[in-house]
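Architecture at a glance
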Amino acid sequence: MELEEYEEAKKYLNPVFKNIMKVSKALKTAQPAVNALLQVKMETAENQDIDLFLDIRTDLKNIPMEPWNLCIVLANIIDNSITCLAEVKKPKKIYIEMDEDINYYIFDFVNNGPPITEYQLADIFKQGFTTKKEHGHGMGLYIVSKILEDVNGTIHVSSDIEKTSFYIQIPKVNNDKERTLKET
């Protein structure tokens, strides 16, 4: 910097910054299965020349769902993001934010892949719906929606030419299940 070689400094700092952002609190949840899943998905993305950035601001300690169901939800959305980015020529990016507020655990998955059409958005969570050409697809997002429904969670999708976002909220307290447990 003292030599005013700003371009050289930028070339050096960009990969350092990327590496810091990629592992930003990545493996610090209280869910070992989630930590392992995120590690694998980061490696998968890297192998496909995709920058996957994690911003985890929750330990998921008291999330009201089984860890394997949470992993199914996370894996499906990350895998779909990776798949859609195969079509992209520009730098490929996935941003995953995990957070919580007083009422909800919040997950936001954003990728810069091709937009999802209005027609596809209307049917995206229906059983059997797929945009993939190979046989054996069309169950993932349907299963995700059912898992979230079981814990009174919600999922919203928005998509435009710049980004696609899957936004999930899972209530911290699942009153229906608590009532059922107390009644039995």
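My aim in this report is to walk through the structure given alongside it, one point at a time.

Some words on the side chain of Q31
Inspection of the secondary structure puts Q31 in the loop between α1 (6-22) and α2 (32-47). When its relative accessible area of 10% is taken as the criterion, Q31 is described as buried. Within the structure, Q31 has its side chain in polar contact with the backbone oxygen of L60 (distance 3.0 Å). Once you skip the residues sitting within four places of it in the chain, Q31 turns out to touch D59, L60, K61, I63 and P67.

What about the sheet that holds strand β4 (residues 154-159)?
Across a sheet, paired strands are connected by hydrogen bonds in the backbone, their directions being either parallel or antiparallel. The strand order across the open sheet formed by 5 strands is β1-β2-β3-β5-β4, and the pairing between neighbours is mixed. A single partner strand is all that each edge strand has here, and the edge strands are β1 (50-56) and β4. The sheet shows a mean angle of 10° between the axes of neighbouring strands, taken without regard to direction. Relative to strand β5 (residues 164-171), β4 runs antiparallel, the two being bridged by 6 bridges. Within β5, the position partnered with V157 by the bridge is F166. Across the sheet, helix α3 (residues 67-85) touches β1, β2 (92-100), β3 (104-111), β4 and β5, and the angle it forms with β3 is around 15°.

Remarks on the packing of aromatic side chains
Under the defined criterion, the tally for this structure stands at 1 aromatic pair. Ring plane angle 15° and centroid distance 5.0 Å describe the contact between F53 and Y95, whose orientation is recorded as stacked. In this pair, F53 sits in strand β1 while Y95 sits in strand β2, placing the two residues 42 residues apart along the sequence. With relative accessibility at 36%, the residue Y95 sits in the partly exposed group. Note that K172 overlies the ring of Y105, its terminal NZ or CZ placed 5.4 Å from the centroid.

Some remarks on the packing of α3 against helix α5 (residues 140-150)
Put simply, α3 and α5 touch, their axes get as near as 9 Å, and they point 145° apart. The chirality of how α3 crosses α5 is left-handed. For the pair α3 and α5, contact is made by N69, I72, V73, N76, I77 and N80 and by G140, L141, I143, V144, I147 and L148, respectively. The residue inventory of the contact of α3 with α5, partitioned by class, reads 8 nonpolar, 4 polar and no charged.

What counts and what doesn't
- Each chain carries its own residue numbering, running from 1 in the direction its sequence is written.
- Under the rules for a predicted model, residues below a pLDDT of 70 receive no local features and side-chain atom pairs below 80 are neither given nor counted, while totals for whole chains, interfaces and linings still include all residues.
- Hydrogens and waters are ignored; side-chain quantities use all the structure's heavy atoms.
- Helix numbering and strand numbering both begin at the N terminus, where a helix is a DSSP run of H or I of at least 4 residues and a strand a DSSP run of E of at least 2.
- Only protein chains enter the accessibility calculation, which uses a 1.4 Å probe; a residue whose area is less than 20% of its type maximum is buried, one above 50% is exposed, and one in between is partly exposed.
- Counted as a polar contact is a pair of N or O atoms within 3.5 Å, where, for protein atoms, one must be capable of donating a hydrogen and the other of accepting one, and residues adjacent in sequence contribute only when both atoms are in side chains.
- We call two residues contacting when some pair of their heavy atoms lies within 4.5 Å.
- Two strands make a pair as long as DSSP finds a minimum of two bridges between them.
- A fitted line through C-alpha atoms represents every axis, and for helices the fit uses only the stretch in contact; the resulting angles, taken between N-to-C directions, go from 0 to 180 degrees.
- Think of it this way: a Phe, Tyr or Trp ring, Trp meaning its six-membered ring, pairs with another when their centres are within 6.5 Å, and the plane angle makes it stacked under 30 degrees, edge-to-face over 60, tilted otherwise.
- We count a charge as sitting over a ring when the NZ of a lysine or the CZ of an arginine lies within 6 Å of the ring centre and within 35 degrees of the ring normal.
- Helix crossings get a hand from a simple test, with the near helix turned counterclockwise from the far one by less than a right angle marking a left-handed crossing and a clockwise turn marking a right-handed one.
- In this classification, Asp, Glu, Lys and Arg are treated as charged, Ala, Val, Leu, Ile, Met, Phe, Trp, Tyr, Cys and Pro as nonpolar, and every other residue, Gly included, as polar.

Bear in mind that shape data such as this cannot, by itself, settle questions of function.
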